[in-house]
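Structure assessment
One-letter residues, chain by chain:
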Amino acid sequence: LQNIMQLAEDAIGYERTQAFQLVMAVVKALLVILFSVHVLGCFWFFVGRISIENGLENWLVNYRFDSRTGPEQYLASCHWILGQFTPAPSSIHAMNTSERGYNLFVIFFSLLVVGSCISRVSATIQQVIKLNSEVSDRKRSVAMYLKMNKISMHLCIRVMRFVDHSLGRHKAAPLDTSLLSSNLINELHMDRRGPILRKHQMYGFMEMISPKAFTRLCGLLQLNVFEDNEVIFARFSEGAGMYILGPGHYQEQTDDEISNFHQTDHTFWSEIALFMNFQHTTTVCSLQFNDTFVLKPASLVQAIQEHPECCSYVYQYARTLQGRLNAQETVAEEVLSAEAIRRCSEGTDVYQLRHLSKEKMLGHFKIKGPHPGREEILAFIQSVLSGETPAGEKTLKDLERLFPELLPEVGTHALFTSDTERFRALSCMMSALWLAADRYDDFTSGQPGKKKLRPEQWQQMQDFVVWTGIKERPDWIHGLLMYLAVKGLGRSKHLTMQLPKQCQQPDSAVSKLLENHLNVVPSFEILTEETADLVASISELHESFVFGQFMQAENTPLSLQILRQRAAEQDEAAYKLFLFSALGMLAGIGATAGATHSPFLTQGTTLTVLYSLQALQKLQLRSSQEIYWSYLCHWGRSLALSTHTLEDLAFLRLACICRTRERSAMELAYSSWASLALSERQALTEFLLADGIHFHAVLFSYLPDCFANAHKNHKVGLASMLILLVELVEITWTQLGIGVLPHQVTVHLGDLAAFTAAVRSRSVFFSCLENARIHAAGSSGYVLNMTSKNWSRTEEVSNHDMSLSGTLRSVLRAVSKSKRKESTSTMLTPLPSIVEATVVESVVI
């Protein structure tokens, strides 16, 4: 009975008032008495029955209850027992020795039962009195303090009202945390605060990822109580974190407007302050006693730091939010819209992987409908080569039908990528067909008049097409079109997340799909064995060499040496088709719906592409250094750049990395280069001339994007980017160490490129490497992570004097350079003669 009563009290009474506790004590006492009366009454009846069997005089026969019904006998027994517990009279008396002895036992037992029940009720009453007394004492002590210190009457009234509110809602029954474990304390907080946080999609999904992290987060929320007319946060003040305003009346103040509002549910304010520096755009006051929870950035980090998946999700959520703010897709306001929060959450890899539908799983995906055969595709290619098939919408529809990956509703692109990627694939394929068929007018039909590809440039491209030998091989064109149709799938997060980690880079992902997931790329199945091997070889070559990086001088001669080794392992046709596929992929950049021409290969951009193709045609005939620097010299001479000294050659590569084509842009790049100190130019010259074969080299992927964003962001500029590059080179050489030659370290700078576009202060930009981290990224090299400390400062606008820190960096650079001189002489020896030879005019392609 005691256990049952305790269970009932724990289940029902934990949230009730003091009056309920008193009632429960009385009910428990009555139940104990009734249970005792029941048990003792049953024994009293049993004693009477035994007396009848033994032939003794007894109360059942004497008072004629032996012939009564069972309920009457039960009530008579209980009545007699209650008569022994209380002074109430009873007409039934003991008739023999056994009954009299039992009577004495009941009298003594009743003293224990009644006394115990009375003491319990008295103890409960005393506890209630004591608790009320403690509350009164605490309130009285505050009142005494106010009186002794002669506080003003107005303030006294406000303080006592707040004390009443606090004692009534929060402090009247304080929790003794010493009695509970930390997990139970967090679960108690989660039970109360969890329903509030779940209303925010980010935290609701966090609970799905890791309930422990969510429970911990609930425990770290800080509860603040605000009185009427108290400011919760002020305009232009620095955001301390996210505020969760509870139901109640509030006032919002801006420059010219003051508005009161009432909310019936919790709302999330200044969420942006969790991830970056944020100044409040409005002042919010409480118009009554209101509860507000505050989540600080440090608390969020503390909650998720031991849960990698949560860390990844929150980081990507913050990056997506930052990107939307920079692109002005989301307004930096106090309360983010539910749509903005949803888009940020759904834009993360973790969310997309957790919400993959069955039809998007690689093992279950299947393109519905009949697939065309090889003969039908070859007949279509022949009709294009012969000029029978005109350019237009019908040709696009034929490509979509012949290559099911491109079907607009059920194809692979439709389910895994965007329409933009599908349009680009169609434009690449159309451009490849026009190149193979020598159809200049169709290739340039949509290009603007002033930028239209010139006939002499087209003729140079046709010379390259003839060199590949693709015109006479429709089966090669079939394989090439198939590869161009699926190349963009490697950029789909929905696909790459389902592949092994080492296969998640775009080109590696395409190779993996061709190898193990033919249901995703069904066009690969109908290729002949020879053509399928060629396509697989093309994909492998794209894995080892990025043509776009060579065009922009991102990579090094070592990259060309690796390409030569890979090409030597393949058929000669595979290398030629590799170059043709690279040309086709460039042709479709910038394509829109219905495009049947090449929007990218215009008069201005084709020149660099032709120089690159002509250089790579000599891959097996010349050394890697000759091809690399000869290409750059040829490109530089077209812009009237000097190539007489090693510094000229270094600037030549820098200009190519910066994608400099116009004269004004070239002058800006040169002035930025000339503004550097001599030691900084020497450091950059060493970096830009390192080939990875005779010198240790660093390949910074996305470096052209860094320069492009620095040029667009007037708060940064090219000169600042060059200074940062010097420091980045030194940090990379110091942290990643020196290996044996040939050696090249690849560092991905995509995060730095995005940060360069977002930062609003030059001083923040200069100091970003102090908080950046370089992490290994498997076989793809290393990744420069800007970390949350940098991203939280992107909105700072103050610029501090950088002379002291610039001096310190110069000193550290000099020390670092001297250490590298001591550690290895290979890096600082004179350039090999082959590099010097490429500077002279006699080296031609």
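Residues numbered from 1 in each chain as written. Predicted model: local features only at pLDDT ≥ 70, side-chain atom pairs only at ≥ 80, totals over all residues. Heavy atoms only, no water.

Within the protein, the regular secondary structure consists of 39 helices and 12 strands. Put simply, the protein has 845 residues, and 48% of those count as buried. Put simply, 74% of the contacts in the protein that link residues at least 6 apart link residues at least 24 apart. Total accessible area computed for the protein in this model is approximately 40,400 Å², and 56% of it derives from carbon and sulfur atoms. (Helix = DSSP H or I, 4+ residues; strand = E, 2+ residues; numbered from the N terminus. Buried < 20%, exposed > 50% of the residue type's maximum accessible area, 1.4 Å probe, protein only. Contact = heavy atoms within 4.5 Å. Areas by Shrake-Rupley, 256 points an atom, 1.4 Å probe, with all protein chains shown as cover.)

Contact pair helix H19 (residues 455-468) / helix H27 (residues 603-616): the axes reach a minimum separation of 10 Å and the direction vectors enclose 30°. Taken together, the axes of H19 and H27 lie roughly parallel to each other. As for the relative orientation of H19 and H27, their crossing is left-handed in sense. The residues of H27 that touch H19, namely those facing Gln457, Gln460, Met461 and Phe464, are Gln603, Thr606, Leu607, Leu610, Leu613 and Gln614. Here the residues of the contact of H19 with H27 sort into 5 nonpolar, 5 polar and no charged. (Axes fitted to C-alpha atoms, helices over the stretch in contact; angles between N-to-C directions. Parallel < 35°, antiparallel > 145°, perpendicular 65-115°, else oblique. Left-handed = near helix turned anticlockwise from the far one by under 90°. Nonpolar A, V, L, I, M, F, W, Y, C, P; charged D, E, K, R; others polar.)

Moving on, we get to the pairing of strand S7 (residues 283-286). One face of the sheet, then the other: side chains in a regular strand alternate in exactly this way. Residues Thr283 and Cys285 of S7 are buried on one face, and the alternating residues Val284 and Ser286, pointing to the opposite face, are buried as well. The sheet contact formed by strand S2 (residues 230-233) and S7 spans 3 bridges and is antiparallel. Looking at the pairing, Phe233 lines up with Val284 of S7. Where strand S4 (residues 248-253) and S7 come together, 4 bridges link them in antiparallel fashion. Across the sheet, residue Gln253 finds its bridge partner in S7, namely Thr283. (Pairing = 2+ DSSP bridges.)

Of note, Glu515 is situated in helix H22 (residues 506-516). Of the residues examined, Glu515 reaches a relative accessible area of 57% and is grouped as exposed. Taking C-alpha positions, Glu515 is 8.2 Å from Ala536, a pair spaced 21 residues apart along the chain.

Let's shift gears to the pattern of salt bridges. Within the structure shown, the criterion is met by 23 salt bridges. Across the pair Glu339 and Arg343 runs a salt bridge whose closest N-O atoms are separated by 2.9 Å. With a gap of 4 residues between them, Glu339 and Arg343 both fall in helix H12 (residues 338-346), about one helical turn apart. Salt bridges sharing partners connect three or more residues here, namely Glu339, Arg342, Arg343 and Glu346. (Salt bridge = Lys/Arg side-chain N within 4 Å of Asp/Glu carboxyl O.)

Let's shift gears to the packing of H22 against helix H23 (residues 529-544). Look at H22 against H23: their axes get within 8 Å of each other, and the N-to-C directions meet at 155°. Considered as vectors, H22 and H23 are oriented roughly antiparallel to each other. Every pair of crossing elements has a handedness; the one defined by H22 and H23 is left-handed. Residues Asp507, Ser508, Val510, Ser511 and Leu514 of H22 form the contact with H23, whose participating residues are Val535, Ser539, Glu540, His542 and Glu543. Looking at side-chain class alone, the contact of H22 with H23 contains 3 nonpolar, 4 polar and 3 charged residues.

Strand order in this open sheet of 4 strands is S2-S7-S4-S5, and the pairing throughout is antiparallel. Each edge of the open sheet carries a strand with a single partner, namely S2 and strand S5 (258-263). Taking the axes of each pair of neighbouring strands and ignoring which way they run, one obtains an average angle of 35° across the sheet. Sheet analysis places S4 next to S5, joined by 6 bridges and oriented antiparallel. Looking across to S5, one finds that Tyr250 is bridged to Phe261.

A separate point is the state of the cysteines. Counted by the stated rule, this structure contains 0 disulfides. Not engaged in a disulfide, the cysteine Cys78 finds its nearest cysteine sulfur in Cys42; these two sulfurs lie 6.8 Å apart. (Disulfide = S-S within 2.5 Å.)

Another point: the sheet that holds strand S10 (residues 744-748). Taken in spatial order, the 4 strands line up as S9-S10-S12-S11 in an open sheet, and their pairing is mixed. Each having just a single partner strand, strand S9 (697-701) and strand S11 (773-776) make up the two edges of the open sheet. Each strand axis lies, on average, 30° off the axis of its neighbour in the sheet, ignoring direction. Across 4 bridges, the pairing between S11 and strand S12 (residues 782-785) is antiparallel. Residue pairing for S12: Arg773 is matched across the bridge by Asn785.

What follows concerns helix H28 (residues 624-638). Across its 15 residues, H28 extends 22 Å between first and last C-alpha, which sits within 8% of the 21 Å expected from 1.5 Å per residue. The buried count for H28 comes to 11 of 15 residues, which makes it a mostly enclosed element. Residues of H28 that are buried: Ser624, Gln625, Ile627, Tyr628, Trp629, Ser630, Tyr631, Leu632, Cys633, Trp635 and Gly636. Trailing H28 by a residue or two, Ala640 shows a phi angle of about 60°, which is positive. (Expected span 1.5 Å × (residues − 1).)

Further remarks concern a nonpolar patch on the surface. Judged by side-chain polarity, Val23, Val27, Leu31 and Leu34 come together as a nonpolar surface patch covering roughly 310 Å² of accessible area. Counting through the fold element by element, Val27 comes out in helix H2 (residues 18-53). Given a relative accessible area of 33%, Val27 falls into the partly exposed group. (Patch = residues over 30% accessible without salt bridge, like charges linked within 9 Å, V, L, I, M, F, W, Y side chains within 5 Å.)

This part covers the packing of aromatic side chains. Here the distance between the centres and the angle between the planes together describe a pair of aromatic rings. Considering all chains together, one arrives at 30 aromatic pairs under this definition. Aromatic side chains Phe545 and Phe578 sit 6.4 Å apart centroid to centroid with 70° between the ring planes, which places their arrangement in the edge-to-face category. Taken together, the residues Phe545 in the loop between H23 and helix H24 (547-551) and Phe578 in helix H26 (residues 572-587) connect sequence positions 33 residues apart. Of the residues examined, Phe545 reaches a relative accessible area of 1% and is grouped as buried. Take Phe578: its relative accessible area is 0%, and that puts it in the buried class. Aromatic rings pair up to connect Trp44, Trp59, Phe65, Trp80, Tyr102, Phe105 and Phe109 into one cluster. Taking NZ or CZ as reference, Arg68 lies 4.9 Å from the ring centre of Phe65, over its face. The ring of Phe687 carries the charged tip of Arg653 above its face, separated from the ring centre by 5.8 Å. (Phe/Tyr/Trp six-rings, centres within 6.5 Å; stacked < 30°, edge-to-face > 60°. Lys NZ or Arg CZ within 6 Å of the ring centre and 35° of its normal.)

Attention shifts here to the nonpolar core. Counting residues in each nonpolar core, the largest one holds 145 residues, and the members touching the most others are Phe687, Phe700, Phe707, Leu752 and Leu784. Counting residues per element, this core draws most heavily on H26, which supplies 12 residues. Counting residues in each nonpolar core, the second largest holds 40 residues, with Tyr203, Phe214, Leu300 and Tyr313 among its members. (Core = buried A, V, L, I, M, F, W, Y, C linked by side-chain atoms within 4.5 Å.)

Looking now at the side chain of Glu400. Note on placement: Glu400 falls in helix H15 (residues 393-402). Look at Glu400 and you get buried, because its relative accessible area is 10%. Ignoring anything within four residues of it in the chain, the contact list for Glu400 reads Leu406, Leu407, Pro408, Arg422 and Leu426.

Note on placement: Ala123 falls in helix H5 (residues 97-148). Considered as a pair, Ala123 and Ala25 are 98 residues apart in the sequence and their alpha carbons are 9.1 Å apart.

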